[in-house]
Amino acid sequence: MRVLVAGGGGFIGGHLVRRLLDEGHSVRAVDLKPMDEWWQVHPGAESLDRFDLRRLGPCEAAVDGVDHVYNLAADMGGMGFIENNKAACMLSVMINTHLLETSLAANVQRFFYASSACVYAAEHQTDPNVTALREQDAYPAQPEDGYGWEKLFSERMCRHFREDFGLETRVARYHNVYGPIGTWKGGREKAPAAICRKIATAELTGDTVIDVWGDGHQTRSFMFVDDCVEGTRRLLDSDIIEPLNIGSSELVSINQLVDLVADIAGISVTRRHDLSAPQGVRGRNSDNTLILEKMGWEPSIKLRDGLTRTYDWVRAQVRAELARG
Ligand code: NAD
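The model shown is predicted, which means the values in this text are computed figures rather than measured ones.

On to the pairing of strand β2 (residues 26-30). Moving residue by residue along a regular strand, the side chains alternate between the two faces of the sheet. In terms of burial, β2 is a largely internal element, four of the five residues being buried. In this structure, strand β1 (residues 2-6) lies alongside β2, joined through five bridges in parallel fashion. Bridge pairing in β2 places V5 opposite A29. With three bridges joining them, β2 and strand β3 (residues 46-48) adopt parallel strand pairing. Across the sheet, R28 pairs through a bridge with E46, a residue of β3.

Encoded structure:
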């Protein structure tokens, strides 16, 4: 197949391009960022940088001649970014809208959209001892302000392009994805990468006091990027037309996440809780009943295993940065 990965210079996009190349597909990776800022540039793929997919013209060029489109392009980051950049997050609606329009015109066979657990109604996420989120819990709509509304709207647009125009769309609701070769500093990083960075810095400098956002009792599940890519490929090839959770159901508190990374690093740390920092919802987990029923598969890479690989990579970045001074 000829495949477009929109956002191919990003974290998940870089891993997905590698997987598609390994499967023997012809891959075009497109991103807004200049190529020297891409997480992975694969020699076997056609890589196009400085493509602003909020605009119609670049979308027309990006989808030209492709069979499948994966839309992973979005202006996004962890809680620190999305709580403070709501308009920027919502502008990603233009990316999906123009990619849908141009994909339809270019007779694209299948279109994948990367949605998020941030579409879920806040009322289901007020307790750290969460009831895992089922797909139907997205309605009545009360998503994360800004980022979550954009995701929910774009999900529905995918649905109506399929119902009204016959474009085969597939929608995944990713729950917190982590792994090596992705954002680990700078303000857009998510909790696992941030905690790996803080603990690697503690390990390498001997200063073992680390800042933790919130009281640490907030809970989440975290999915290793290999599971994310596997689920994405399975969903694209499937007949599953409704939005589907792709997430781990291994629930941990942020304090447990810190304990796990410190244990992997072989050090103990002292936490300084910052109660004024952005924390997001109180508790969130993925209910995997539907994915198991439809696919007979769910993300299963253990948090400790994925974090060990992530920690090794983040530690190498921190060490290189410390060496540069
Ligand atoms: P990322 O930020 O690493 O990748 C997104 C890429 O999109 C970036 O490289 C960025 O430069 C690119 N992009 C942004 N605006 C663009 C534009 N106008 N034109 C072209 N490219 C543009 O993020 P990621 O973690 O790889 O996430 C990929 C997708 O998965 C996003 O849609 C994100 O919302 C979704 N998602 C991610 C997670 C997660 O935990 N990482 C969770 C839920 C959903």
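Glancing now at the packing of aromatic side chains. Applying the stated criterion to the full structure yields five aromatic pairs. An aromatic cluster of three or more residues is present, and its members are Y70, F112 and Y174. Taking the ring centre of F81 as reference, the NZ or CZ of R188 above it sits at 4.0 Å.

Attention now goes to the site of the ligand. Of all residues adjacent to the ligand, which total 27 residues, the nearest are F11, I12, D31, Y147 and V177. Between an oxygen atom of the ligand and a main-chain N or O atom of G10, the distance comes to 3.2 Å. A distance of 2.8 Å separates an oxygen atom of the ligand from a polar atom in the backbone of F11. In isolation the ligand has 820 Å² of accessible area, and contact with the protein removes 94% of it. Of all elements in the fold, only α1 (11-22), β5 (110-116) and α6 (147-165) reach the threshold of two or more residues within the shell around the ligand. Here the shell around the ligand is composed, by residue class, of 14 nonpolar, six polar and seven charged.

A few words now on the side chain of D227. Residue position: D227 is located in helix α8 (residues 225-237). Although D227 is buried, it makes no salt bridge; R234 carries the closest opposite charge, 8.1 Å away. A distance of 2.8 Å separates a polar side-chain atom of D227 from the backbone nitrogen of S300. When sequence neighbours within four positions are dropped, the list of residues in contact with D227 reads W297, P299, S300 and I301.

Below, the discussion takes up the pattern of salt bridges. Tallying each qualifying case throughout the model produces 23 salt bridges. R197 is paired through a salt bridge with E189; the nearest N and O atoms lie 2.8 Å apart. Ionic pairing is found between R271 and D259, a salt bridge with its closest N-O pair at 2.4 Å. Taken together, the residues R271 in strand β13 (residues 270-274) and D259 in helix α9 (residues 254-265) connect sequence positions 12 residues apart. Here R271 falls in the partly exposed class, since its relative accessible area comes to 28%.

Let's shift gears to the pairing of β5. Summarising burial for β5: seven of the seven residues are buried, a large majority. As judged from the four bridges shared by strand β4 (residues 68-71) and β5, these two strands associate in the parallel manner. Across the sheet, Y70 pairs through a bridge with F112, a residue of β5. Where β5 and strand β6 (residues 168-174) come together, seven bridges link them in parallel fashion.

The rules behind these values
Within each chain, residues carry numbers counting from 1 in the order of the written sequence. Reporting in this predicted model follows two pLDDT cut-offs: at least 70 for local features of residues, and 80 or more for side-chain atom pairs to be given and counted; totals over whole chains, interfaces and linings ignore these cut-offs and use all residues. Side-chain figures throughout are based on the complete set of non-hydrogen atoms in the structure, without hydrogens or water. Between buried and exposed lies partly exposed: a residue is buried under 20% and exposed over 50% of the maximum accessible area for its type, with that area taken using a 1.4 Å probe on protein chains only. Labels follow the DSSP assignment, with helices taken as runs of H or I lasting at least four residues and strands as runs of E lasting at least two, numbered in each case from the N terminus. Should DSSP find at least two bridges between two strands, the strands are regarded as paired. Pairing of aromatic rings covers Phe, Tyr and Trp, the last through its six-membered ring, and needs centres within 6.5 Å; plane angles under 30 degrees mean stacked, over 60 mean edge-to-face, and all others mean tilted. Comment: the charge-over-ring label is applied if NZ (Lys) or CZ (Arg) is within 6 Å of the ring centre and within 35 degrees of the ring normal. Residues are counted as near a molecule or strand when any one of their heavy atoms sits within 4 Å of it. For the purposes of these results, a polar contact is taken to be a pair of N or O atoms within 3.5 Å, where, inside protein, one atom must be able to donate a hydrogen and its partner to accept one; residues adjacent in sequence count only when each atom of the pair is a side-chain atom. The protein chains shown are the only cover counted for residues, whose accessible areas, like all others here, come from Shrake-Rupley with a 1.4 Å probe. Lys, Arg, Asp and Glu make up the charged group, whereas Ala, Val, Leu, Ile, Met, Phe, Trp, Tyr, Cys and Pro make up the nonpolar group; the residues left over, Gly among them, are polar. In this tally, Lys and Arg are treated as positive and Asp and Glu as negative; His is ignored, and so are the chain termini. Salt bridges are identified by distance alone: a Lys or Arg side-chain nitrogen within 4 Å of an Asp or Glu carboxyl oxygen. Throughout, a contact is declared for two residues whenever any of their heavy atoms are within 4.5 Å.

Geometric values such as these leave the question of function open.
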